[in-house]
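Below, each chain spelled out in residue letters.
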Amino acid sequence: MSKPGSFEGQRVWITGASSGIGAGLARAFGKAGATVILSGRNREALAAVGADVPDAVVLPFEATDHDALPAIVHHAGAIDLLINNAGISQRSLAEDTDLSVYRTIMEVDFFAPVHLTKLVLPQMLARGTGHLAVVASVAGKVGSPQRTGYCAAKHAVMGFFDALRTEVSHRGVQVTTIVPGFVRTEIGARALTGDGSVKGAGDDDVDAGITADEAAAIILDGMARGLREIPVGGGGPEMALLDLKRQDPDRLLDLMGGMGEAVVRKLKGG
Ligand SMILES: NC(=O)c1ccc[n+]([C@@H]2O[C@H](COP(=O)([O-])OP(=O)(O)OC[C@H]3O[C@@H](n4cnc5c(N)ncnc54)[C@H](OP(=O)(O)O)[C@@H]3O)[C@@H](O)[C@H]2O)c1
């Protein structure tokens, strides 16, 4: 049994560990002495990340393959900390977005973490100990243009985990929501456009964000301190939106409306 706030000897399962924040988390938990189970679809990328983690287990799977999940969870064994990190984003106006794109984003960003969490939860409740986490987003708190599906999925997943906490924390199972601002990863380049194709090019604001290793350090520090919600950012303007939502929600809506107007003018003219 490790000391409170220590991850030494813990079994930590990270989805989306093949790149970005998940890879940063895998390296950081590895350094902290955890056994890290790395999941994602890209086996080669998972193996490459795992090579830098002293006690790594690579467990590839497609997060939306619901039929396969029970066997994957059985294979993963006893888990101390599950971090639902895998996700995809969106860059398209609602009027240009196929309904199928909303379904895909909800599958990856909402139903996949809900299903995996529901499958891991019983062992934690039976033991009376464990930790469930989700990497949501500032987009899970604030609506922003070209991300109607992504914001919807991230708001939904925040709601699921906040509600879950009310049911399980008094039974020994911790729940942490992680709320990153911009982190320099592949998320923008891999975002879906309105017809479901991948955007391909990164975003300036994402590229100006903190590194995945910096994000991971903030997350481990927040978890070690027992935070239930961990904002992850380097003081960029997007992090100020979280404060504005609490302090002056009407001003936040004005600000985001102005942002949306500028985006629509750029895309549609006028
Ligand atoms: N970067 C940011 O600015 C930012 C801000 C707020 C929140 N976030 C959130 O942070 C999380 C990690 O994203 P990231 O920024 O690190 O982006 P990333 O570099 O694109 O990583 C996304 C990860 O998700 C995995 N993934 C995507 N679809 C999957 C699927 N269907 N099945 C299994 N794995 C899947 C990918 O693995 P494979 O390709 O190997 O499947 C990859 O490892 C996401 O939930 C994202 O929404 C990011």
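Preceding this paragraph is the structure being described.
### Focus: the packing of helix H4 (residues 99-127) against helix H5 (residues 148-168)
- Between H4 and H5, the least distance of the axes is 8 Å, while the angle of their chain directions is 15°. Of the possible angle classes, the one that applies to H4 and H5 is roughly parallel. Note on packing geometry: the crossing formed by H4 with H5 is right-handed. On H5, the residues that touch Tyr102, Ile105, Met106, Asp109, Phe110, Pro113, Val114, Thr117, Leu121 and Leu125 of H4 are Thr148, Gly149, Tyr150, Ala152, Ala153, Lys154, Ala156, Val157, Phe160, Phe161, Leu164 and Val168.
- Of the residues contributing to the contact of H4 with H5, the split by class is 17 nonpolar, three polar and two charged.

### Observations regarding the pairing of strand S6 (residues 173-180)
- Along S6, seven of the eight residues are buried, which leaves the element largely enclosed by surrounding structure.
- Pairing between strand S5 (residues 130-135) and S6: six bridges, direction parallel. When the sheet's bridge partners are listed, Val135 is paired in S6 with Ile178.
- Once the chain exits S5 it traverses H5 before rejoining the sheet at S6, and the crossover so formed is right-handed.
- Judged from the four bridges that link them, S6 and strand S7 (residues 229-232) form a sheet pairing that is parallel. Residue pairing in the sheet places Ile178 in a bridge with Ile230 of S7.

### Some details on the nonpolar core
- If you look at the biggest cluster of nonpolar residues, it comprises 35 residues, and the most contacted ones within it are Trp13, Ile79, Leu82, Leu116, Val120, Leu132 and Leu164.
- Of all hydrophobic cores here, the second largest spans 30 residues; its members include Val36, Leu46, Ile178 and Ala216.

### A few points about the site of the ligand
- The environment of the ligand is formed by 29 residues, the closest being Ser18, Ser19, Arg41, Tyr150 and Thr185.
- In the environment of the ligand, an oxygen atom lies 2.6 Å from a nitrogen or oxygen atom belonging to the side chain of Ser19.
- Taking Tyr150, its side chain carries an N or O atom lying 2.6 Å from an oxygen atom of the ligand.
- Isolated, the ligand exposes 890 Å² of accessible area, and the fraction of that covered by the protein chains is 96%.

### With respect to the sheet that holds S6
- Reading across from one edge, S3-S2-S1-S4-S5-S6-S7 is the order of the seven strands in this open sheet, with parallel pairing throughout. Strand pairing shows two members of the sheet lacking a second neighbour, strand S3 (56-58) and S7, which therefore form its edges. Across this sheet, the average inter-strand angle for adjacent strands is 15°, counted without regard to direction.
- As paired strands, strand S2 (residues 35-38) and S3 are joined by three bridges and run parallel to one another. Opposite Leu38, over in S3, you have Val58 as the bridge partner.

What counts and how
- Residues numbered from 1 in each chain as written.
- Predicted model: local features only at pLDDT ≥ 70, side-chain atom pairs only at ≥ 80, totals over all residues.
- Heavy atoms only, no water.
- Axes fitted to C-alpha atoms, helices over the stretch in contact; angles between N-to-C directions.
- Helix = DSSP H or I, 4+ residues; strand = E, 2+ residues; numbered from the N terminus.
- Parallel < 35°, antiparallel > 145°, perpendicular 65-115°, else oblique.
- Left-handed = near helix turned anticlockwise from the far one by under 90°.
- Contact = heavy atoms within 4.5 Å.
- Nonpolar A, V, L, I, M, F, W, Y, C, P; charged D, E, K, R; others polar.
- Buried < 20%, exposed > 50% of the residue type's maximum accessible area, 1.4 Å probe, protein only.
- Pairing = 2+ DSSP bridges.
- Right-handed = clockwise from strand over helix to strand, strands pointing away.
- Core = buried A, V, L, I, M, F, W, Y, C linked by side-chain atoms within 4.5 Å.
- Near = heavy atom within 4 Å.
- Polar contact = N/O pair within 3.5 Å; in protein donor to acceptor, adjacent residues only side chain to side chain.
- Areas by Shrake-Rupley, 256 points an atom, 1.4 Å probe, with all protein chains shown as cover.

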